[in-house]
Amino acid sequence: MRLFIALELPVDVSEYVRGLQVKSDLAEQVFTKSFHLTLKFLGAVSPEVVEDVKRKLAGISFERFTASLGNIGFFPGEKYVRVVRVGVEPQKEIAALQDKVDVALEGLFPFEDAFKSHVTLSRVKVVHDKKGFVELLNKTAVEKRSFEVSERK
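Analysis parameters
- Residues numbered from 1 in each chain as written.
- Predicted model: local features only at pLDDT ≥ 70, side-chain atom pairs only at ≥ 80, totals over all residues.
- Heavy atoms only, no water.
- Helix = DSSP H or I, 4+ residues; strand = E, 2+ residues; numbered from the N terminus.
- Rg over C-alpha atoms; globule rule 2.2 N^0.38 Å.
- Buried < 20%, exposed > 50% of the residue type's maximum accessible area, 1.4 Å probe, protein only.
- Contact = heavy atoms within 4.5 Å.
- Areas by Shrake-Rupley, 256 points an atom, 1.4 Å probe, with all protein chains shown as cover.
- Lys, Arg positive; Asp, Glu negative; His and termini not counted.
- Charge placed at Lys NZ, Arg CZ, Asp CG, Glu CD.
- Core = buried A, V, L, I, M, F, W, Y, C linked by side-chain atoms within 4.5 Å.
- Pairing = 2+ DSSP bridges.
- Axes fitted to C-alpha atoms, helices over the stretch in contact; angles between N-to-C directions.
- Salt bridge = Lys/Arg side-chain N within 4 Å of Asp/Glu carboxyl O.
- 1 Å grid on protein atoms, 1.4 Å probe; cavity = no way out; pocket = protein on both sides within 12 Å on 5 of 7 lines; lining within 4 Å.
- Points joined across faces, edges and corners; volume = space filled by probe spheres on them.
- Nonpolar A, V, L, I, M, F, W, Y, C, P; charged D, E, K, R; others polar.

A word on the overall build of the chain
When helices and strands are tallied, the chain shows four helices and seven strands. Each helix and strand of the chain, ordered N terminal to C terminal, gives the series β-α-β-β-α-β-β-α-β-α-β. For the chain, whose C-alpha radius of gyration is 16 Å, the value lies close to the compact-globule estimate of 15 Å for 153 residues. In terms of principal-axis extent, the alpha carbons of the chain reach across some 45 × 30 × 25 Å. Expressed as a percentage of the 153 residues in the chain, the buried residues total 41%. In the chain, 80% of the contacts between residues at least 6 apart in sequence involve partners at least 24 apart. If you sum the accessible surface of the chain, you get close to 9,200 Å²; carbon and sulfur atoms cover 53% of it. One way to put it: in the chain the 24 positive side-chain charges average out to a point 3 Å from where the 22 negative ones average out.

See the structure below:
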């Protein structure tokens, strides 16, 4: 099984995020169908390890907080666009939760190197007009939609 640990977005926020996906002939993209904020990608995991992961994650506690959508951005950056994403704030609280996940799974999976809270909008296969594509996406206004982060599933 290929697994990851994530924060699920509420339906209304997911639908709003879907509307942020910019379809354009300036780039060939594969659009995300299901939206979430990945805290940790685990990769291929055996059923035995899944039970251990569940046990370890059950020990994580955190204070409820409100998260909200940030701005449109790119990975690795505007010069080389491979992923179009929308940021999620507050970075500090989300990064602290991600760090708790890393610590809980220490020894089973490597620590994250450069965590950046985001929701992926698309993976970019080919950019035909980088300047035009980046300008188009930078013009996309994002409402600061908020949602509660309060429970584990």
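A short note on unusual backbone geometry
At the junction of F75 and P76, the peptide bond is cis and its omega measures out at -10° in the coordinates. Relative to the helices and strands, P76 resides in strand β4 (residues 65-77). With an omega of 0°, the peptide bond between E89 and P90 qualifies as cis.

Brief notes about the nonpolar core
Proteins that are soluble and globular tend to have nonpolar side chains buried together. Of all hydrophobic cores here, the largest spans 43 residues; its most connected members are V17, L39, V84, I94 and L121. Among the elements that line this core, the one with the most residues is β4, at five residues. Beyond its immediate sequence surroundings of up to four residues, I94 is in contact with L37, L39, F65, A67, V88, E89, F115 and S117.

Looking at the sheet that holds strand β2 (residues 27-31)
Either a parallel or an antiparallel arrangement is found when strands of a sheet pair, and the pairing is made through backbone hydrogen bonds. With antiparallel pairing, the five strands of this open sheet are ordered in space as β2-β6-β5-β4-β7. Only two strands of the sheet have a single neighbouring strand rather than two, namely β2 and β7 (146-149). Strand after strand, the sheet turns through a mean of 35° between neighbouring axes, direction not considered.

Points about the pattern of salt bridges
Under the counting rule described, the total for this entry stands at seven salt bridges. The closest approach of N and O atoms between D102 and K40, which form a salt bridge, is 2.6 Å. Pair noted here: D102 is in helix α3 (residues 91-104) and K40 is in strand β3 (residues 36-44), with a separation of 62 residues, a long-range link. For D102, a relative accessible area of 2% corresponds to the buried category. You can call K40 buried: its relative accessible area is 1%. A salt bridge links E51 to K54, with the nearest nitrogen and oxygen atoms 3.7 Å apart. Note that E51 and K54 are positioned in helix α2 (residues 47-58) at a spacing of three residues, about one turn of the helix. Here the salt bridges do not stand alone but share partners, grouping K40, D102 and E112 into one network.

Some points on the layout of surface pockets
Roughly 600 Å³ of volume is contained in the second largest pocket. If you go around the second largest pocket, you meet 21 residues; those closest to its centre are T38, F41, H118, T120 and R123. Every element with two or more residues in the lining of the second largest pocket is listed here: β1 (2-8), β3 and β6 (118-127). Looking at the lining of the second largest pocket element by element, the count peaks at five residues for β3. For the lining of the second largest pocket, a count of residues per class yields 10 nonpolar, six polar and five charged.

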